[in-house]
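Spelled out from the first residue to the last, the chains are:
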Amino acid sequence: MLKERLKIFVNGRYYEIDVDPRITLVEFLRNELGLTGTKEGCGYGVCGACTVILQGKAVKSCLLLALHAMNKEVLTIEGMREGDNLHPLQEAFLNNMAVQCGFCSPGMILSAKALLDENSDPSEEEIRYAIVGNLCRCGGYVKIVDAILKCAEERRRDIGT
Amino acid sequence: MMQCFNFLRPESTEEACTLIAKFGDSAKIIAGGQSLLVLLKQRLISPQYLINIKDLKELDYINYDEKFGIRIGALTTHRSIETSPVVKKRFSVLSEVERNLASVQIRNWGTIGGNICHADPASDIVPPLISLDARVKVKSLLAIREIPLHNLFKDYYETTLRVDELVTEICIPDVQNGTGVAYSKFSLRRFDMAVAGVAVSITINLADRICKDIRIIVGGVSAVPRRVFESENAMRGNNLAENLIREAAMVASEEVDPVADVHFSRKYKREIVKILVRDVITQAIQKASGI
């Protein structure tokens, strides 16, 4: 079997790496790039722990072949921070104690980011819809939804809308 | 891990057709792969060639025109359909169905053509499309043909497509005034696959409340989506009284041939179908009446 050259941008960096065509995007991120912030839970597109942002949209990286991301741009949890600071969503998760065991957090935060990028003023229901594909087995949904709501509020206040 | 395959990336629909004609049964087409990757990981299928068509921009579009209705490219994502203003306005049932289909991540990457060709009997989008009288455009190197979507399904996860054919477009005629279309499913959680799903398109004469035409499609309970003609016949031409709807629902529940599974018996599934048909006919009538 032939390896294929994957050309991909991850967190703003360009990579060209020969990959086995069978590997999924999450396997590529974790095993080839060492970006282990993205978690693989079920591997069947149910739990959402592997959520990353591809071309601005949240996707489940266990259900994409790495080669699906050819010439595309991926954002993982490692690319969220802004300089030395955490991303406001990461801050909001910490401040609202929305992280318990932490396994779902990277995926939750990326789903939340994709939502807020599209909709700066989501209702609680819209937030719940946006994270339908992200399971939290600690059952911490209330604080997660709160964190996203508060983050959206603060960002709107900061930019004066 | 999946078994070895060669990953091919055609740059046009034409080239994709050339490749599937060349490799036939040893190849599998992959679009978003939201269903196919599961089958590959479980080694339920092991193609030698995977032909990736996800990047063919030419098959990603939603075009509307009053005369022909809507044309949706096979590689349009669920999310694009869900958020399309023209779909929301003219085919609101599709926006509603898409909103409750899996999760936003899956809808962002999964395509309507992929969903249809996967031929999962529990597909949420297929019954409403059939109720809307959708047709699919099918292309091979030799010809392009258009077939009613209903005729695409053969058995569980099997279509009537020939190995060298590719679905390129879904065409849906415009919905006329006086027609209402609704879909509802029964599932363990709202976003899960349907245990049973029912779509109804009904055209009523608003003056005398007569059912002029109706299509009722039941998905999820058997190998292919089932149009329940006897139940439709019970409705057609009659006055829309509540007991008529109950009667049609009863007929539908006996007309389907559910398969028992680990969760639900045949009898239970018939009961679900009965209740869904009753409720969805009622919803469709409300939509047709502009309520």
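Residues numbered from 1 in each chain as written. Chains lettered and ligands numbered in written order. Predicted model: local features only at pLDDT ≥ 70, side-chain atom pairs only at ≥ 80, totals over all residues.

Asker: What is the right way to look at the overall build of chain A in this model?
Answerer: A tally of regular secondary structure across chain A gives five helices and five strands. The N-to-C order of helical and strand elements in chain A reads β-β-α-β-β-β-α-α-α-α. Taking 15 Å as the expected radius of gyration for a compact globule of 161 residues, we find that chain A reaches 16 Å, a close match to that expectation. Here chain A holds 161 residues, and 43% of them are scored as buried. (Helix = DSSP H or I, 4+ residues; strand = E, 2+ residues; numbered from the N terminus. Rg over C-alpha atoms; globule rule 2.2 N^0.38 Å. Buried ≥ 20, exposed ≤ 12 C-beta atoms within 10 Å, placed from the backbone.)

Asker: Explain the sheet that holds strand β4 (residues 57-60) of chain A here, please?
Answerer: Remark on secondary structure: sheet strands pair via backbone hydrogen bonds, oriented parallel or antiparallel. Residues and elements named next belong to chain A. If you walk across this open sheet you meet the five strands as β2-β1-β5-β3-β4, and the pairing is mixed. Of all the strands in the sheet, the pair left with one neighbour each is β2 (13-19) and β4. Shown here is a sheet whose adjacent strand axes are inclined to one another by a mean of 40°, direction ignored. Where strand β3 (residues 51-54) meets β4, four bridges bridge the pair, whose relative direction is antiparallel. (Pairing = 2+ DSSP bridges. Axes fitted to C-alpha atoms, helices over the stretch in contact; angles between N-to-C directions.)

Asker: I tried to follow the environment of L101(B) on my own but got confused; where do I start?
Answerer: Residues and elements named next belong to chain B. Position of L101 among the secondary structure elements: in the loop between α5 (92-99) and α6 (104-109). Between the C-alpha atom of L101 and that of S123, which follows or precedes it by 22 residues, the distance is 9.0 Å. Not counting the four nearest positions on each side in its chain, L101 is found in contact with H78, R107, D124 and I125. (Contact = placed C-beta atoms within 7 Å.)

Asker: Where do I start with the domain arrangement of chain B in this structure?
Answerer: Interfaces are frequently sized by the accessible area removed from exposure as the parts join. Once the domains are mapped, chain B shows domain 1 (6-52), domain 2 (57-172) and domain 3 (179-288). Here the C-alpha centroids of domain 1 of chain B and domain 3 of chain B sit 35 Å apart. (Domains from an automatic or database assignment.)

Asker: What's the story with the interface of chain A and chain B in this structure? I'm lost.
Answerer: Counting residues at the interface gives 22 residues for chain A, matched by 20 residues for chain B. Take the side of chain A that touches chain B: its biggest share by element is four residues, from β4(A).

Asker: Hey, could you run me through the sheet that holds strand β5 (residues 69-73) of chain B in this one?
Answerer: Residues and elements named next belong to chain B. The sheet built from five strands is open, its strands ordered β4-β5-β10-β6-β7 with antiparallel pairing. A strand with exactly one partner marks an edge of an open sheet, and here the two such strands are β4 (62-65) and β7 (144-148). Each neighbouring strand pair of the sheet contributes to a mean axis angle of 20°, computed without reference to strand direction. As defined by bridge partners, β4 adjoins β5 across four bridges and the pair is classed as antiparallel. By the bridge assignment for β5, D65 is matched with G69. Most of the contacts of helix α1 (residues 13-23) go to strand β10 (residues 166-172), to which it runs at about 130°, and overall it touches β6 (135-139) and β10.

Asker: Would you mind showing me how to read the packing of helix α2 (residues 88-95) of chain A against helix α3 (residues 105-118) of chain A here?
Answerer: Packed helix pairs are specified by the crossing angle of their axes together with the interaxial distance, meaning the distance between the axes. Residue and element names in this part refer to chain A. Two elements in contact, α2 and α3, have axes separated by 10 Å at closest approach and are oriented at 125°. In terms of orientation, α2 lies oblique with respect to α3. The chirality of how α2 crosses α3 is right-handed. On the side of α2, the interface is formed by L89, Q90 and F93, while α3 contributes S105, I109, A112 and K113. In terms of residue class, the contact of α2 with α3 is made up of four nonpolar, two polar and one charged. (Parallel < 35°, antiparallel > 145°, perpendicular 65-115°, else oblique. Left-handed = near helix turned anticlockwise from the far one by under 90°. Nonpolar A, V, L, I, M, F, W, Y, C, P; charged D, E, K, R; others polar.)

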